[in-house]
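Chain residues, written in single-letter form:
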Amino acid sequence: YGLLPFERELARVEPQDPWYAEAALLRASWRIHIDSPDYRRAMLKEAIRIIDRALSSYYSGRLYLTRARAAYLLGQSEAVMETASIAAGKYEHLPVTTPRGQEPRLLHRLLTARSEAADMFAIVTQAAKIPATGPQAKRVHNRYTMLLDRLDAAITRLRQTSTE
């Protein structure tokens, strides 16, 4: 509820503003933490709507992660798997090699992606336990297992390269 006083200002941020994705993330995040039974479902649906609007203009692993979290809390396991699958595609296209001298920048990017992917993997694992979850859950789970292995290998390689 700490951001509630700023909601009106955050809602005024336009998609062309460079901080739009961050404003959307803040607006969605506080909604996810509403624990009032009277408003919880509506707030979670609103969080997904806000994130979907931001994702139409911006890529952000944190936006995908927040969307998956909201879908999980709504009990929408298929929406979790769909969101996680789209995010995995983004992570899979990250470069894992870079010209000399650019290693620290790439390492930071890969570490951030690794953290987001690990959080998404945890949500996928939880959502897979929802009874109505289909066969896509196993595929997405396996995809994240391979993705995390790939990121770990690239991070290890970059760390070794940077110490040489």
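Here, the structure is the one placed above.
The model shown is predicted, which means the values in this text are computed figures rather than measured ones.

A. Just the pattern of salt bridges, in detail. Tallied over the entire structure, the rule returns 8 salt bridges. The shortest N-O distance in the salt bridge between R143 and E92 comes to 2.8 Å. Taken together, the positions of R143 in helix α7 (residues 136–163) and E92 in helix α5 (residues 77–92) put the pair 51 residues apart, joining distant regions of the chain. A residue is classified by how much of its surface remains accessible, and E92, at 30% relative accessible area, is partly exposed. Counted as one network, the salt bridges with shared partners bring together E7, R27 and R31.

B. Summary view of the environment of Y59. Assignment of secondary structure puts Y59 in the loop between α3 (40–55) and α4 (61–73). Looking at Y59, the relative accessible area reads 40%, which means it is partly exposed. When the C-alpha atoms of Y59 and K90 are compared, they prove to be 8.6 Å apart, with 31 residues separating the residues in sequence. Setting aside residues up to four positions removed in sequence, Y59 forms contacts with Y64, K90 and Y91.

C. How the structure looks around the packing of α3 against α4. Interhelical geometry of α3 versus α4 gives an angle of 155 degrees and a closest axis separation of 9 Å. The angle between α3 and α4 falls in the class roughly antiparallel. α3 and α4 meet at a crossing whose hand is left-handed. Packed against α3, whose contacting residues are R40, L44, I48, I51, D52, A54 and L55, the element α4 presents L63, Y64, T66, R67, A70, A71 and L73 at the interface. Split by residue class, the contact of α3 with α4 holds 10 nonpolar, 1 polar and 3 charged.

D. Spatial organisation of the packing of helix α2 (residues 20–32) against α3. Two elements in contact, α2 and α3, have axes whose closest approach is 8 Å; the angle formed by their N-to-C orientations is 165 degrees. Of the possible angle classes, the one that applies to α2 and α3 is roughly antiparallel. As α2 runs across α3, the sense of the crossing is left-handed. Counted together, Y20, A24, R27, A28, W30, R31 and I32 of α2 and R40, M43, L44, E46, A47, I50, I51, R53 and A54 of α3 form the full contact between these two elements. In terms of residue class, the contact of α2 with α3 is built from 11 nonpolar, no polar and 5 charged.

Definitions and cut-offs
Residues numbered from 1 in each chain as written. Predicted model: local features only at pLDDT ≥ 70, side-chain atom pairs only at ≥ 80, totals over all residues. Heavy atoms only, no water. Salt bridge = Lys/Arg side-chain N within 4 Å of Asp/Glu carboxyl O. Helix = DSSP H or I, 4+ residues; strand = E, 2+ residues; numbered from the N terminus. Buried < 20%, exposed > 50% of the residue type's maximum accessible area, 1.4 Å probe, protein only. Contact = heavy atoms within 4.5 Å. Axes fitted to C-alpha atoms, helices over the stretch in contact; angles between N-to-C directions. Parallel < 35°, antiparallel > 145°, perpendicular 65-115°, else oblique. Left-handed = near helix turned anticlockwise from the far one by under 90°. Nonpolar A, V, L, I, M, F, W, Y, C, P; charged D, E, K, R; others polar.

Structural measurements only, silent on function.
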